[in-house]
Structures are given as C-alpha cells and as structure tokens.
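Residue-level structural notes
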Amino acid sequence: MLCALSGEVPEEPVVSRKTGAVFEKRLIEKYIQENHKEPGTDEELDVEDLLPIKTNRIVRPRPPQFTSLPSMLKAFQDEWDALVLESYNTRQQLARTREELATALYQNDAAVRVIARLTKERDEAREALSRLTVTASAGGAATGDAMAVDSEGLPEALAAHVDEVQAEKQKGRKKRPVPEGWATTDDISALQQTAYTDLPVTQATSLALHSGYAAVGGLDGKVDLYSVEAKAHERSLEVGEPVTATVWTGNKVVLATSKGSVKAVEGGVETGSVTEHAGAVTGLAVHPGEQILASVGVDKGIIFYDLQSLQRVARVYTDAELTSCAFHPDGHLFAAGTQSGQIEIFDTKTLQRMANFTLGAPVKTLVFSENGFWFAATGVGQSSVTVFDLRKEGDAARAKELQTGDVSGLAWDYTGQYLATAGSQGVTVQQYVKASKSWTEPLRTSTPAVAVQWGDKARQLVAVSKEGVVSVLEPRSE
C-alpha cells in the first residue's frame, strides 16, 4: 500500500471516498489546501472526503549503507567531501562577485568623470557661443563663410536714419503740448471694464495694439487678432511655435518664438521669417523710425533687422541672458533687461554699451517714457515698479519706486503722464503730476492681466490675461 503522491509507504494513510486512492495524510491535506482537487483528477476534494486507514505502525528499515561501521564512516566522508566542495564553490562565487562589483564601481566612477567633463565642455561652448557665433546669412548661405563677431554696428544708411529720427523727435519735445482731447485724471478714474472676450489663444504672453486692433500671442503657437472697436475676435494666425513677443509696425505684425524665430505676418500671410538666435527670443522692439526691428534672447544676443527685408544688420552679445528690450522714444538709445537684474543701455548706431542700471532682480519688462529721460522697469518677485532717470547714475538714478503689486506688463502713454501696469492683482494707472512733482494712483482694478496697452487719447486701456481673456477699460456711456 503506497501513497499516490509520494510513492512511498504512508505513515498515516488515508483513502479518498471518491476514487479510493491512498495518500499520506499530511501530503494530501497540503495538496487540498493549495488546489482543492484530488491529484490526477479535476474532482473537488475536501478534507472531510478522506477516511483514515487503521494499520499497524510500520518501522522503516535502516538504509543498507548505515548497517555497518565502515559504511557509516564512508557516508560521513562523503558528506564532508560534499561540504568542503560546496564551501570551495561558495568562495569562488564570492571572489567573482567582488571582481564584478569592483569593475562596476570603476565604470560608474569613469562615467561620472566623463559626464563632468562633457558638462564643463558644454558650458564652455555655450559661453563661447554667446560671444562668437558662426552662421550662414542670406548672402553667404552658399559658401557658409558668414561670421558674427562680438559687435556689429548699423550700416551707414541706417545709422544716418537714426540721426535723422533723433533730431526730429527731440525737436520741440520740451514744449510739446498735451494733445487736445487727451484723457484727464477724472477720465482715467472713470475707466471701467466694458468688454470681456475669451480668445482661442491659451497661455497668452504678449499684447500689441495698433489702429484699433490688438495682436495677442500665446504659448500654444497662435496669434489672435482682436478688434477693439467691434470688441470681437477677428481671426487666428497659426505660427506653429510658442509665441513670446508681438509688436505692430504699420499693418504688419512681427512676432517672436521660443525656438529663436522672428516672423512677420501681414494680411494673415507670413511675409518673412528668420532665425538668428540660438535659443528663445524674449523681447521685440521697433525703432521710432520704423525701419529697424530689434530682438533679444536667452543666447545673450541683441540683433537688429532691416524691417523691409527682415535681414540682420547688426548684432552684439552681452554677459547675461536677456529678458526684455525697448527703444528710447528718440531712437538713439536701446535698453535691454537681463536675467542678472541689470538694465544695459546701448548706442543704437554702434551697439556700444553707454550705461548700466541695477534693478536687483531678473528684469520682467521695461518701457521708456515719452519725456525722454525716464524709463520704468520691474523684476521677478518684485511687488513694485522702479522709475529710473537716464541723467543720473547709481542709487541716484532711482527716481521713484511705485508700490503696485506684482507686475508683468507696463505701458506709458504718449504724454508721459500715465504709466499703466498689468499684473496678477489687476491693472493700475500711476500718474506723475508735473506741477507738484508727485505721483498719484487714479485707477486700480481687480482685472488680472499679463500685458496692457493704451488706446486712443489714453481714454481706453486694453489688457489680456494669462488665460487669453481680453478686457477693454473705458468710460461707460451714460
């Protein structure tokens, strides 16, 4: 009588009621616990289906090799030999494991050293690129021999144009009267939201206003055109790259992207595109004479273009990533904000550095006043706008610090009286009263915005939020 599972004589035999098979009790109970079936069949089997068999207890005979002293000694010798062999194999495996571990540690150390060296070379290459970039221009694309050096001034014709514009703009600036019908303090205080339009663009980054049309760029690769007069969305322009800045020049919209491109669009059709930056373009500005376009980027480069051909005409590199830019209203100076918190002032014709102002935080945005000697700027993490005086240096150049809250966009009106700010806490207007040489705040709203622009005669403000919602603020009709 043998166990159906082990094939040996069971010590505590049981028999299945269903098949009559004999099993060792402890083996069949463990099998049933795991499988709930009888071995060799698909029938369900429970412990209750097992019947014990009463037999005389069997004393198993001693194995033949343990029946005499010599055979027992031989068995002990065999066990010892097996134990020694196993110990030897274990020591061999330990030695191999140690060698593999040492090799792996050496390879890891070598990989770390290589990564550190490559990282250093990459940083050095980026630094070199910020000072010397080799690229093919339109005229030298075939031969590939065009090179951009540290500083390229404007061609003579455009330099002469800059002088002409400066002379024209400076003439009569001090005696220039406030245009008839321009908004008064009461008019500014009466501004309120009269239109609220949700545009298709998402994650709006910039706003440009010209002749009653607003161009709103977004990180989704679109530029939406909005009619301020009709207070309605006109059309969407597919750019295909995240838009970081927009400006108007005549009837043409010029936009910049995070992939280093500068594109011109007119009548809904792209009329030009150029990629001169080795990284994202962070700011655009149009010269008052509307023949020169400027762009700045994270590659630390300042590039001037001929607006007619959209070809590069001048370039210079700075010591830090650039975040924003603006032309002086006379056109002879160009300002660029940096990631290091400096605002660099350059001569437009030669791109030579003329002055430096410290903001104390990465520059978000900056804008010149029409009075010709002030410009305003704000930085990341700051809750104020700083007004600088170009005629002074150091701390004395800080003409005023306006407590406006977080600010993303700035816009000065044509008369230099009103400075509009846009931020997460709302839109405000800061007014400089020349008679008392003091600042007031005639307007503060709760309309969140990332950019703001003045409408006709400063009687209107157009703002856009990060979500792409355009708000128009103007006196409500009686």
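Residues numbered from 1 in each chain as written. Predicted model: local features only at pLDDT ≥ 70, side-chain atom pairs only at ≥ 80, totals over all residues. Heavy atoms only, no water.

**A few points about the environment of Pro177**
Note the threshold: We count a stretch as a helix when DSSP gives it H or I for four or more residues in a row; a strand needs E for two or more, and each element gets its number in order from the N terminus. To sort residues, take the accessible area from a 1.4 Å probe on protein chains only and compare it with the maximum for the residue type: under 20% means buried, over 50% means exposed, and anything in between is partly exposed.
Within the fold, Pro177 resides in the loop between α3 (156–170) and α4 (185–189). Look at Pro177 and you get exposed, because its relative accessible area is 62%. A C-alpha to C-alpha distance of 8.5 Å links Pro177 and Thr415, two positions 238 residues apart in sequence.

**Structural notes on the sheet that holds strand β15 (residues 269–275)**
Heads up, the rule is: Pairing between strands is defined by DSSP: at least two bridges between the two strands are required. Simply put, an axis is a line fit to the C-alpha atoms, just over the touching stretch for a helix, and the angle between two N-to-C directions goes from 0 to 180 degrees.
Pairing is antiparallel in the open sheet, where 4 strands are placed in the order β12-β13-β14-β15. Sheet topology places β12 (243–249) and β15 at the edges, where each strand pairs with a single neighbour. Here the strands of the sheet are splayed against their neighbours by 20 degrees on average, with no regard to which way each runs. Strand direction decides the pairing type here: β12 and strand β13 (residues 252–257), joined by 6 bridges, are antiparallel. Its bridge partner lying in β13, Val243 is registered against Thr257.

**A few points about the environment of Gly283**
For the record, the criterion: We call two residues in contact whenever any of their non-hydrogen atoms come within 4.5 Å of each other.
Structurally, the position occupied by Gly283 is in strand β16 (residues 281–286). Along the sequence, Gly283 and Glu124 sit 159 residues apart, while their C-alpha atoms lie 25 Å from each other. Excluding residues within four positions of it along the chain, Gly283 makes contact with Ala245, Ala294, Ser295, Val296 and Cys325.

**Quick look at the layout of surface pockets**
Quick reminder of the rule: The method works on a 1 Å grid over the protein atoms by themselves. A cavity is a set of points holding a 1.4 Å probe that cannot get out, a pocket is an open set with protein on both sides within 12 Å along at least five of seven lines, and residues with an atom within 4 Å of a point line them. Grid points are joined across faces, edges and corners, and a volume is the space filled by probe spheres set on the points. Note on residue classes: Ala, Val, Leu, Ile, Met, Phe, Trp, Tyr, Cys and Pro are nonpolar, Asp, Glu, Lys and Arg are charged, and everything else, Gly too, is polar.
The volume enclosed by the second largest pocket comes to roughly 990 Å³. Mapped by element, the contributors of at least two residues to the lining of the second largest pocket are β26 (384–389) and β27 (398–403). Looking at side-chain class alone, the lining of the second largest pocket contains 13 nonpolar, 8 polar and 11 charged residues.

**Looking at unusual backbone geometry**
A positive phi angle, near 60 degrees, is found at Leu351, a position not held by glycine. You can see Leu351 is positioned in the loop between β22 (342–347) and β23 (353–358). At Lys437, a residue that is not glycine, the phi angle is positive and equals roughly 50 degrees. Tracing the sequence through the fold places Lys437 in the loop between β30 (426–433) and β31 (438–444). Overall, Lys437 belongs to the exposed group, its relative accessible area being 67%.

**What to know about the sheet that holds β26**
Two orientations exist for strands paired in a sheet by backbone hydrogen bonds: parallel and antiparallel. One open sheet accounts for 4 strands, arranged β24-β25-β26-β27; its pairing is antiparallel. Looking along the sheet, the strands with just one partner apiece sit at the ends: β24 (363–368) and β27. For this sheet, the mean angle separating the axes of adjacent strands, direction not counted, is 20 degrees. For β26 and β27, the ladder comprises 5 bridges, and the chain directions are antiparallel. Pairing of Val387 across the sheet is with Lys400, part of β27.

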